[in-house]
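Structure assessment
One-letter residues, chain by chain:
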Amino acid sequence: MTTPPTELTIVHNTAASRFEAVVDGLTCVAAYHRSGDLIDMHHTGVPRALEGRGIAAALVRAALDWAAAEGLKVRPTCSYVRVYMQRHPQTQGLQG
C-alpha cells in the first residue's frame, strides 16, 4: 500500500452518513449508519482504478478520528474497517 495522494481532501457528508474523497474524478467512500452513540461502519468503497493508494485507509482513519472525538462507539461490519481496526490497536477502544 502506498500513501494517499497529498491532495486528498476528505469531506464528512453527514446527510449521506459517509466520509468521501474525490480522486481523479471518482468518488471514494467510507459509509456508516449512526444509532445513538454507536456507528456501524458498513461499507468502504474505492473504485478499482484507485485501489492500492491508501485512500480507503485515509477515509477510515478520518471516520474513526471523528467517532473518537464525538465519543462514539464503532461496530465494524465492513470487513475492511474490521481489518483496519485489528491492524491499528489504538482504535480497539472504539469498538462497541
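Residues numbered from 1 in each chain as written. Predicted model: local features only at pLDDT ≥ 70, side-chain atom pairs only at ≥ 80, totals over all residues. Heavy atoms only, no water.

Here we take up the environment of His 43. Note that His 43 resides in strand β4 (residues 38-45). Taking C-alpha positions, His 43 is 21 Å from Gly 71, a pair spaced 28 residues apart along the chain. Leave out the neighbours within four places in its chain, and His 43 touches Val 29, Ala 30, Ala 31 and Cys 78. (Helix = DSSP H or I, 4+ residues; strand = E, 2+ residues; numbered from the N terminus. Contact = heavy atoms within 4.5 Å.)

Here the focus is the pairing of strand β2 (residues 18-23). In this sheet, β2 lies alongside strand β1 (residues 11-13) in antiparallel orientation, the contact comprising three bridges. Bridge assignment links Val 11 to a residue of β2, and that residue is Glu 20. Linking β1 to β2, which pair antiparallel, is a turn of four residues; within it Ser 17 sits at a positive phi near 55°. Adjacent in sequence and paired antiparallel, β2 and strand β3 (residues 26-35) are bridged by two residues, among which Asp 24 carries a positive phi angle near 50°. (Pairing = 2+ DSSP bridges.)

If you check helix α1 (residues 55-70), its first and last C-alpha atoms are 23 Å apart, about what 16 residues at 1.5 Å a residue would give, namely 22 Å. Those residues of α1 not exposed but buried are Ile 55, Ala 56, Ala 57, Ala 58, Leu 59, Val 60, Ala 63, Leu 64, Trp 66 and Ala 67. Each element contacted by the buried residues of α1 is listed here: β1, β2, β3, β4, β5 (73-76) and α2 (79-87). (Expected span 1.5 Å × (residues − 1). Buried < 20%, exposed > 50% of the residue type's maximum accessible area, 1.4 Å probe, protein only.)

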